[in-house]
Amino acid sequence: MKPRHTRIVAAAMAWTAIGGVFALPDILRGGGYNALFSIIINWWLWGALTPLIKSLDDRLSATFKRPVQLLAAHAACGLPVTVLYVAAAAALEDCLGLLPWNPWTEPIGLLDWLYWALLVYCIILGALTGLRYYRRALVDELQIERLKRGFLEAQLNALRTQLDPHFLFNTLNGISACVEHEPRLARKMIEHLGDLLRFSLDTRNRQEVALADELAFLEHYFALHRVRFGERLSIAVSVMPEVKHARIPSLLLQPLVENAIEHGIAQRVSGGRVTVSARRVDDRVEIRVIDDGVGLPPGWTMARAQGVGISVTRDRLLAMYPSGASTFHVMPHADGGTEANIVLPLALMREDMHARPIG
């Protein structure tokens, strides 16, 4: 059955059901099936007139913007429609012998019929108006959702643009310190920096990546700093298999690892150890970046943290996971040093959305 025919059959069934509901009291009072047929025929006529009423309502609503003008226009145009309905219904029921009185010789009955027809016309008009406003509300809600998504993407891109130059500036500073006295070491660092920049370009239009891809990025970042620090820097990565494909914000871990190295390990002559771990906790993923370095300054709090890494990470998490869906804390570690702890809702990344391997 064609879609148009399907809609017609569905509309006929709906109007028949409405007629049956209104005919039920007459049937229970012993009105017989004539009352049922009469009322169903009347509602079929209303069903046939509904497209006309809708077309009329659409035109009047587009022409008259003020409620008073629109109401007056409907009053002027609705009366002919109800007169048309009453004339058609009276003629049809008279031909079928469903009327116990002659509509053409007893106009009082027609006036009563016209009164109820006006009420039904208003009910149909109200239903159409409610449906129009409901659809408009859905469209407005969709537009608001798109605006929110666009604003969020713009906000996240702005935060990302703060993070990329910050990372590049710090890395170039490390390379510049080696150029004059250790050129071979500087070349190796530049090679690793190239790999990092390629990865960053691959994910520049993606706000989220798989945890495994973020760890692949960190491997090159660690290699860059192993060249710089040598045996002074020890790295440990421990990630549970069930969270390797967890969806996390791109470049989430790099600023935290950078803080651990620059503010924790680099301040010690003997160096130290940075540990990155991730595990599943119920329906969430917990990520920890721990160093055994010099620790946080006295009186340090996250609320007053001025560093780009922590502030941007905090703002990105608040934007991507509103209503407390994520947590982010930086605190002294129990065994010395500093711990950054992030807890996110666990959502797995599709395989086809993984970043391409770095060549």
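Coordinates for the structure precede this section.
Cut-off values and rules
- Residues numbered from 1 in each chain as written.
- Predicted model: local features only at pLDDT ≥ 70, side-chain atom pairs only at ≥ 80, totals over all residues.
- Heavy atoms only, no water.
- Core = buried A, V, L, I, M, F, W, Y, C linked by side-chain atoms within 4.5 Å.
- Buried < 20%, exposed > 50% of the residue type's maximum accessible area, 1.4 Å probe, protein only.
- Helix = DSSP H or I, 4+ residues; strand = E, 2+ residues; numbered from the N terminus.
- Contact = heavy atoms within 4.5 Å.
- Patch = residues over 30% accessible without salt bridge, like charges linked within 9 Å, V, L, I, M, F, W, Y side chains within 5 Å.
- Areas by Shrake-Rupley, 256 points an atom, 1.4 Å probe, with all protein chains shown as cover.
- Salt bridge = Lys/Arg side-chain N within 4 Å of Asp/Glu carboxyl O.
- Pairing = 2+ DSSP bridges.
- Axes fitted to C-alpha atoms, helices over the stretch in contact; angles between N-to-C directions.
- Parallel < 35°, antiparallel > 145°, perpendicular 65-115°, else oblique.
- Left-handed = near helix turned anticlockwise from the far one by under 90°.
- Nonpolar A, V, L, I, M, F, W, Y, C, P; charged D, E, K, R; others polar.
- Expected span 1.5 Å × (residues − 1).
- Polar contact = N/O pair within 3.5 Å; in protein donor to acceptor, adjacent residues only side chain to side chain.

Chemist: How would you explain the nonpolar core if you had to name every residue and give the values?
Modeler: In this structure, Leu211, Leu253, Val289 and Phe328 are the most contacted members of the largest nonpolar core, which totals 49 residues. Here the element with the most residues in this core is helix 6 (residues 211-229); it accounts for 9 residues. Setting aside anything within four residues of it in sequence, one finds Phe328 in contact with Leu256, Met302, Ile310, Thr313, Arg314, Leu317, Ala340, Asn341 and Ile342. Leu70, Ala73, Tyr85 and Leu114 belong to the second largest nonpolar core, which has 23 residues in total.

Chemist: Report on a nonpolar patch on the surface, specifying residues and quantitative values.
Modeler: Together, Leu79, Val83 and Leu118 make up a nonpolar patch on the protein surface, roughly 220 Å² of accessible area in all. Looking at where Leu118 falls in the secondary structure, it is placed in helix 4 (residues 107-179).

Chemist: Residues and numbers for the pairing of strand 5 (residues 284-291), please.
Modeler: A large share of strand 5 lies buried, amounting to 6 of its 8 residues. Counting the residues between successive antiparallel strands, the hairpin from strand 4 (residues 272-281) to strand 5 contains 2 residues, one of them, Asp282, with a positive phi of roughly 60°. Two elements, strand 5 and strand 7 (residues 338-345), share 8 bridges in a ladder whose sense is antiparallel. Bridge pairing in strand 7 places Ile290 opposite Glu339.

Chemist: Mind laying out the packing of helix 6 against helix 7 (residues 254-265), listing which residues take part and the relevant values?
Modeler: In the contact formed by helix 6 and helix 7, the axes pass within 11 Å of each other and the chain directions differ by 20°. Comparing their axes, helix 7 and helix 6 come out roughly parallel. The handedness of the crossing between helix 6 and helix 7 is right-handed. Contacts from Glu214, Phe217, Leu218, Tyr221, Phe222, His225, Arg228 and Phe229 in helix 6 reach Gln254, Val257, Glu258, Ile261 and Glu262 in helix 7. Of the residues assigned to the contact of helix 6 with helix 7, the class counts are 7 nonpolar, 2 polar and 4 charged.

Chemist: Lay out the pattern of salt bridges with the relevant residues and their values.
Modeler: Considering all chains together, one arrives at 6 salt bridges under this definition. Of the charged contacts in the structure, one is a salt bridge between Arg247 and Glu208, with a shortest N-O distance of 3.8 Å. Separated by 39 residues along the polypeptide, Arg247 in strand 3 (residues 247-249) and Glu208 in strand 1 (residues 208-210) bring together distant segments of the chain. The exposure class of Glu208 is partly exposed, given its relative accessible area of 23%.

Chemist: Any details on helix 5 (residues 183-202)? Residues and values, ideally.
Modeler: End to end, helix 5 covers 29 Å across 20 residues, agreeing with the expected 28 Å (1.5 Å per residue, within 8%). Within helix 5, the full set of buried residues consists of Leu185, Ala186, Met189, Leu193, Asp195, Leu196, Phe199 and Ser200.

Chemist: Break down the sheet that holds strand 6 (residues 327-332) for me, citing the residues and quoting the values.
Modeler: One open sheet holds the 5 strands; their spatial order is 2-4-5-7-6, and the pairing between them is mixed. What marks the edges here is a single partner per strand, and that holds for strand 2 (233-239) and strand 6. Within the sheet, the average angular offset between the axes of one strand and its neighbour, ignoring direction, is 10°. The sheet contacts of helix 6 involve strand 2, strand 4 and strand 5, and relative to strand 2 the element is tilted by about 170°.

Chemist: Talk me through the pairing of strand 7; I want residue IDs and the actual numbers.
Modeler: By the criterion of burial, strand 7 is predominantly enclosed, with 7 of the 8 residues buried. Taken together, the 6 bridges between strand 6 and strand 7 define a ladder with antiparallel strand orientation. When the sheet's bridge partners are listed, Phe328 is paired in strand 7 with Ile342.

Chemist: Lay out the side chain of Ser61 in plain terms, naming residues and giving numbers.
Modeler: Its location among the elements puts Ser61 in helix 2 (residues 32-63). Under the relative-accessibility criterion, Ser61 is labelled buried at 15%. A polar contact of 2.7 Å, which involves the side chain of Ser61, links it to the backbone oxygen of Asp57. Polar contacts involving the side chain of Ser61 include one to the side chain of Arg132, which spans 3.4 Å. If near-sequence neighbours (up to four positions away) are discounted, Ser61 is found in contact with Leu70 and Arg132.

The values reported here are purely geometric and, on their own, carry no functional implication.
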